[in-house]
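Take a look at the letters that make up each chain.
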Amino acid sequence: MSIEPLAWEGGRLRLLDQTQLPNDEVWLELTDHTQVAEAINSMRVRGAPAIGVAGAFGLALAALTSEATDCETLLRELRRAAEELIATRPTGANLSWAVKRTLAAAEDASDVESARTSVLREAQAIQREDIEGNRALGRHALELVPERATFLTHCNAGALATAGYGTALGIVRAAAEAGKQVSVVATETRPLSQGARLTAWELLRDGIECTLIVDGAVGPLLRRGATDLVVVGADRIAANGDTANKIGTYNVAVLAREHGVPFYVAAPTSTIDMTLLTGDSIVIEERAAEEVTAPGGRRIAPPDVDVANPAFDVTPHELIAAIITERGIARPPYASALSEMMR
Ligand code: MRU
């Protein structure tokens, strides 16, 4: 079974610390929502759907640790905790979606005790639905995957980036389970090496063939015809299909177009933000300069050099052959396909 990086156990959130992979498999036990906010911010848990699930459990911890004796006080505390959790990472749509959904469960409750139980139940439902959704997404994608398929993927949109099974890597898993011969080329993914540290780790763990390349090797590889399809995840998808994903995704999409390789986005519908008409309004998280100048703590650039470190980029919808979700496959024109899907 593929790894599930979050587990609710004994009134605590157990979370696999992804900053320690692939060297150490360290499980943290989080007991309050500020610890969850720290874990999201420092990317101990990362990947849009996984941080959504973590945020939902963060709110559950806020509810369970609150000493409030009336609904009004509890809701005031939960709204504050929800804001803190949502502020940790701005680009992914799933975090605010999951936290708001969990908060709404408390708002609907009639007394404090049932509010506490409802918040936890909602978080558990989000976690369960994410795994089921990823499996459905993988099944929908089978028609796009040849019998022998070499995938190219960027960053980590795998089990580690979700409650389990993965989106982009969920498609790889579903294809393997359906008897197709699959292998994956994973980009290293600078600056935090999610491809090298996480995609390679989880694929090898599941016995799926994986070749690691540096980000700059994508062009020549696609030119040689060495991959059949590109599949990436998404952090936020605008109503016209423009897609924010890990920095470097846009480069891959342009190269895929140039070399005639289909470029697919795989994401749950909770990543689709119908309030944004285009990707131009997606907020791109800017992260610390040290991630670039001293990756993993080892200095590779002068400390006083100016640095730009956007964590995500936006791939325009024209470069995307299809968007695969748990509800099915959306194809261009996305404005109508996504509004139909989200109805
Ligand atoms: O900064 P990260 O590691 O959270 O970025 C993750 C990605 O960009 C993933 O591709 C995206 O969240 C989709 S995960 C199913």
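Note that the coordinates shown come from a computational prediction; the quantities given were computed from them, not determined experimentally.

### Some words on the layout of surface pockets
Inference 1: Empty space within the largest pocket amounts to approximately 400 Å³.
Inference 2: Along its surface, the largest pocket is lined by 21 residues, and P191, L192, S193, R197 and G296 are the ones closest to its centre.
Inference 3: Take the lining of the largest pocket: its biggest share by element is three residues, from helix α7 (residues 194–205).
Inference 4: Of the residues contributing to the lining of the largest pocket, the split by class is seven nonpolar, six polar and eight charged.
Inference 5: Shared between two domains, the lining of the largest pocket takes at least three residues from each, and those domains are domain 1 (6–135) and domain 2 (137–341).
Inference 6: In this structure, the second largest pocket occupies an estimated 250 Å³ of space.
Inference 7: Forming the walls of the second largest pocket are 16 residues, and the residues nearest its centre are W97, E129, P268, S270 and E326.

### As for the domain arrangement of the protein chain
How big an interface is tends to be expressed through the accessible area that disappears when the partners come together.
Inference 1: For the protein chain, the domain assignment lists domain 1 (6–135) and domain 2 (137–341).
Inference 2: Taking the mean C-alpha position of each, domain 1 and domain 2 sit 25 Å from one another.
Inference 3: Between domain 1 and domain 2, the residue contacts involve 28 residues of the former and 34 residues of the latter.
Inference 4: Approximately 2700 Å² of surface area, both sides summed, lies buried where domain 1 meets domain 2, with 52% of it carried by carbon and sulfur atoms.
Inference 5: Two residues, R89 and E285, come together in a salt bridge whose shortest N-O distance is 3.0 Å.
Inference 6: The interface formed by domain 1 and domain 2 contains 23 residue pairs in polar contact (both at pLDDT 80 or more).
Inference 7: When residues of the side of domain 1 that touches domain 2 are traced back to their parent elements, those giving at least two are α2 (48–65), α4 (93–107) and α5 (112–141).

### Digging into the sheet that holds strand β3 (residues 27–30)
One key point about sheets: their strands pair by backbone hydrogen bonds, in either a parallel or an antiparallel sense.
Inference 1: Read from one edge to the other, the open sheet built from three strands follows the order β1-β2-β3, with strand pairing classed as antiparallel. The sheet is open, and its two edges are formed by β1 (6–9) and β3, each paired on a single side. The mean inter-strand angle of the sheet, taken between neighbouring strand axes irrespective of direction, is 25°.
Inference 2: Taken together, the four bridges between β1 and strand β2 (residues 12–16) define a ladder with antiparallel strand orientation. Its bridge partner being in β2, E9 is matched across the sheet by R12.
Inference 3: Against the sheet, helix α1 (residues 33–41) engages β2 and β3, with an angle of about 145° to β3.

### A word on the pairing of strand β13 (residues 322–325)
Inference 1: Residues of β13 alternate between two faces, with A322 and I324 on one and I323 and T325 on the opposite face, all of them buried.
Inference 2: Pairing between strand β10 (residues 263–266) and β13: three bridges, direction parallel. Note on β13: the bridge partner recorded for A266 is I324.
Inference 3: Both β13 and strand β14 (residues 328–330) contribute to a ladder of three bridges, which runs antiparallel. Within β14, the residue paired with T325 across the bridge is G328.
Inference 4: Adjacent in sequence and paired antiparallel, β13 and β14 are bridged by two residues.

### Let's talk about α2
Inference 1: For α2, which comprises 18 residues, the first-to-last C-alpha distance of 26 Å matches the rise-based estimate of 26 Å (1.5 Å per residue) to within 8%.
Inference 2: Counting buried residues in α2 gives 16 out of 18 residues, a clear majority hidden from the surface.

### Quick notes on the pattern of salt bridges
Inference 1: Tallied over the full model, the rule gives 20 salt bridges.
Inference 2: A salt bridge links R44 to E38; the shortest N-O distance between them is 3.0 Å.
Inference 3: Linking E143 and R331 is a salt bridge whose minimum nitrogen-to-oxygen distance equals 3.4 Å. Separated by 188 residues along the polypeptide, E143 in the loop between α5 and β4 (148–153) and R331 in the loop between β14 and α11 (334–341) bring together distant segments of the chain.
Inference 4: With relative accessibility at 61%, the residue E143 sits in the exposed group.
Inference 5: Overall, R331 belongs to the partly exposed group, its relative accessible area being 39%.
Inference 6: Taken together, the shared-partner salt bridges connect R89, E285, R287 and E291 into one network.

Reading guide: rules and limits
In this convention, every chain numbers its residues from 1, walking through the sequence in written order. Residues qualify for local features only when their pLDDT is at least 70, as the model is predicted, and side-chain atom pairs are given and counted only at 80 or more; totals for whole chains, interfaces and linings, by contrast, use all residues. Side-chain metrics rest on all non-hydrogen atoms present in the structure, leaving aside hydrogens and water. A cavity here means a set of points on a 1 Å grid, drawn over the protein atoms and nothing else, where a 1.4 Å probe fits but cannot get out; a pocket is an open set with protein on both sides within 12 Å along at least five of seven lines, and a residue lines either one if it has an atom within 4 Å of a point. Grid points are joined across faces, edges and corners, and a volume is the space filled by probe spheres set on the points. Secondary structure elements follow DSSP: runs of H or I no shorter than four residues count as helices, runs of E no shorter than two count as strands, and numbering proceeds from the N terminus. Each residue is assigned to one class: nonpolar for Ala, Val, Leu, Ile, Met, Phe, Trp, Tyr, Cys and Pro, charged for Asp, Glu, Lys and Arg, and polar for all the others, Gly among them. Residue ranges for the domains trace back to a domain assignment, done automatically or taken from a database. The contact definition used throughout considers only heavy atoms, calling two residues in contact when any of these lie within 4.5 Å. Take the accessible area each of two parts loses on contact, using a 1.4 Å probe, and add the two losses: that sum is the buried area. Salt-bridge detection follows one rule: a side-chain nitrogen of Lys or Arg within 4 Å of a carboxyl oxygen of Asp or Glu. Polar contacts, as used here, are pairs of N or O atoms within 3.5 Å; protein pairs need one atom able to donate a hydrogen and one able to accept it. Residues neighboring in sequence count only if both atoms are side-chain atoms. Paired strands, in this sense, are two strands between which DSSP finds at least two bridges. Only the contacting stretch of a helix is used when fitting its axis, a line to C-alpha atoms as for every element, and angles between N-to-C directions run 0 to 180 degrees. Partly exposed residues are those whose accessible area sits between 20% and 50% of the maximum for their type, while under 20% is buried and over 50% is exposed, using a 1.4 Å probe and protein chains only. For a helix, the expected span equals 1.5 Å multiplied by the number of residues minus one.

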